[in-house]
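Fold and contact review
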Amino acid sequence: MIVLAHSDSEVVGARIKPKEKFDVLHDARVRSALYQIIVAVAVGWGIWYLVSNTAQNLEVRGMNTGFAFINATAGFDTDFKLIEYTPGKGTYGRIFVVGALNTLLVSFVAIIFSTIFGFIVGVLRLSSNWLVARLSLAYVEIIRNTPLLLQVIFWYTGVFTLLPKVKNSLDLSGGAEVLILNNRGLYGAWPVPGDLFWITLAAFVVAAVGVFFLSRWAHKRQDVEGKQFPIASASLGLFILIPGAVYLLTGSPLGWNIPKLEGFNFVGGFNLPPAFLALLVALVVYHAAHLAEAVRAGILSVNKGQTEAAKAIGLGQNRIMSLVIIPQAMRSIMPPMISLWMNVVKNSTLAVAIGYGDLVALFMQTALNQAGYAVEMVGMTMGFFAFISLSISGLLNVYNKRVQLVER
């Protein structure tokens, strides 16, 4: 039998870990959880108190409460709607959907155009051409320092309501009479798909998938071999050739409902009222000026050595801006752009000043005056805008994390 002996010095020098004792009162994890529970209970009690107190006060004053009004019939109409709605038959819930869709439409279009226009102006602010740079500067400074409400009213009363009357309409299509503009709005041809048009849409989806995989292959090839591939022209070719060929082979299953002048107005096609056009232009012009400054600052934040290195390997100015500068500048541009997109949605509520039927004008103003459910209607409207803003923030933050530098 083998006995392992340890010297006294080894026993004395050994580290003996003391036995940990769990102290409820002094443990950091317990304190953290306890504080969170206390805060959650306090917030919940505060919400319950406000709701119950408000309901009690409304009941004392004989005011209606609850959400039964959603299925009640609404007796008013709007001049612009994306879904079918009939006054006297449609409900207040339907009015909420109509207003929400009108808000989303003008916000979505304004976000797209303000982003494109803002990037263009931001790049022009740094142009070596003195006149272009100064004109861009003047635009940014004037628009940013003018209240948006005044701009909305200016575009409505000073531009779109002063356009020619119906008989003297402006033909924006160069004589084809498929895009008409007058003081009653913008009229245009509306597509009418046939039975086989879904095949063309399916071909478009196939082309989009092909473009996605082509883009991934091109980027991998560039990373490995250093060779560039004309992604833009190839993608455009796929989007045109594949759906175009399918469209022709299926007999061109797409017609057009063209607006025609009948009596005192145009009938057919689509119509965008002056209030929509004025609000859209005001939102685009105003927010593009703010984004232009964010783009300019983002470009200037990129080290000049990046530009010099790109020139050293033979890249042209356009290639340097699109492949080197802008991708790195997006790290600085994305945070203010997230706030700007959310502000576009929130600032669309200024439509109430010119009579555009957005959610605030239809649901929180006209419907509230008729039904009288103030707390519920205001709460639903606030919840809608909060949901849209949080959705935009969440989606863009995903992209923002992808473009940020990863520390090692």
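Here the structure is shown first, and the text comes after it.
This text gives an overview of the structure that appears in the document. (Residues numbered from 1 in each chain as written. Predicted model: local features only at pLDDT ≥ 70, side-chain atom pairs only at ≥ 80, totals over all residues. Heavy atoms only, no water.)

**Things to note about the pattern of salt bridges**
Selection rule: Every case where a carboxyl oxygen of Asp or Glu lies within 4 Å of a side-chain nitrogen of Lys or Arg is listed as a salt bridge. Secondary structure elements are taken from DSSP: a helix is a run of H or I of four residues or more, a strand is a run of E of two residues or more, and numbering for both begins at the N terminus. Think of it in three bands: residues with accessible area under 20% of the maximum for their type are buried, residues over 50% are exposed, and the middle band is partly exposed, with areas taken using a 1.4 Å probe on protein chains only.
A full pass over the atoms with the stated rule returns four salt bridges. We note a salt bridge from Glu293 to Arg296, for which the minimum N-O separation is 3.1 Å. Of the two residues, Glu293 and Arg296 both sit in helix H8 (residues 274-300), three residues apart, roughly one turn of that helix. Using a relative accessible area of 14% as the deciding quantity, one classes Glu293 as buried. On the basis of relative accessibility, which here comes to 22%, the residue Arg296 falls in the partly exposed class.

**Digging into a nonpolar patch on the surface**
How we decide: Distance thresholds for patches are 9 Å for like charges and 5 Å for nonpolar side chains (Val, Leu, Ile, Met, Phe, Trp, Tyr), applied to residues having over 30% relative accessible area and no salt bridge. Each accessible area is a Shrake-Rupley result for a 1.4 Å probe, and residues are judged covered by the shown protein chains and nothing else.
A cluster of nonpolar side chains, namely Phe108, Ile112, Phe113, Ile116, Phe117, Ile120 and Leu124, defines an oily patch on the protein surface of about 650 Å² accessible area. Inspection of the secondary structure assignment puts Phe113 in helix H3 (residues 92-124). Overall, the relative accessible area of 48% leaves Phe113 in the partly exposed class.

**Some details on helix H7 (residues 231-249)**
Counted only if it meets this: The span one expects for a helix is its residue count, reduced by one, times 1.5 Å.
Taking 1.5 Å as the rise per residue, H7 with 19 residues should run 27 Å; its terminal C-alpha atoms sit 27 Å apart, in good agreement. Downstream of H7 by one or two residues, Gly251 has phi in the positive range, about 85°.

**Considerations on the side chain of Gln151**
In plain terms, the rule: Side-chain atoms alone can form a polar contact between residues adjacent in sequence; in general such a contact is a pair of N or O atoms within 3.5 Å, and within protein one must be able to donate a hydrogen while the other accepts it. Contacts are assigned to residue pairs that have any heavy atoms within 4.5 Å of one another.
Topologically, Gln151 is positioned in helix H5 (residues 148-158). Separated by 3.1 Å, the side chain of Gln151 and the backbone oxygen of Ile143 make a polar contact. With near-sequence residues (within four places) excluded, Gln151 lies in contact with Ile143, Thr146, Ala282, Val285 and Tyr286.

**Notes on the nonpolar core**
To keep it simple, the criterion reads: The nonpolar core is taken to be a set of buried Ala, Val, Leu, Ile, Met, Phe, Trp, Tyr and Cys residues, with the residues joined through side-chain atoms within 4.5 Å.
In this structure, Phe363 and Met377 are the most contacted members of the largest nonpolar core, which totals 78 residues. Among the elements of the structure, H3, helix H4 (130-144), H5, H8, helix H10 (317-347), helix H11 (359-371) and helix H12 (374-403) are those that each provide at least two residues to this core. Counting residues per element, this core draws most heavily on H8, which supplies 18 residues. Once residues lying within four places of it in the same chain are set aside, the contact partners of Met377 are Phe69, Tyr92, Phe363, Ala367, Leu368 and Ala371.

**Here's the deal with the side chain of Ser235**
Within the element layout of this structure, Ser235 appears in helix H7. Reaching out from Ser235, the side chain makes a polar contact with the backbone oxygen of Ile231 at a distance of 2.7 Å.

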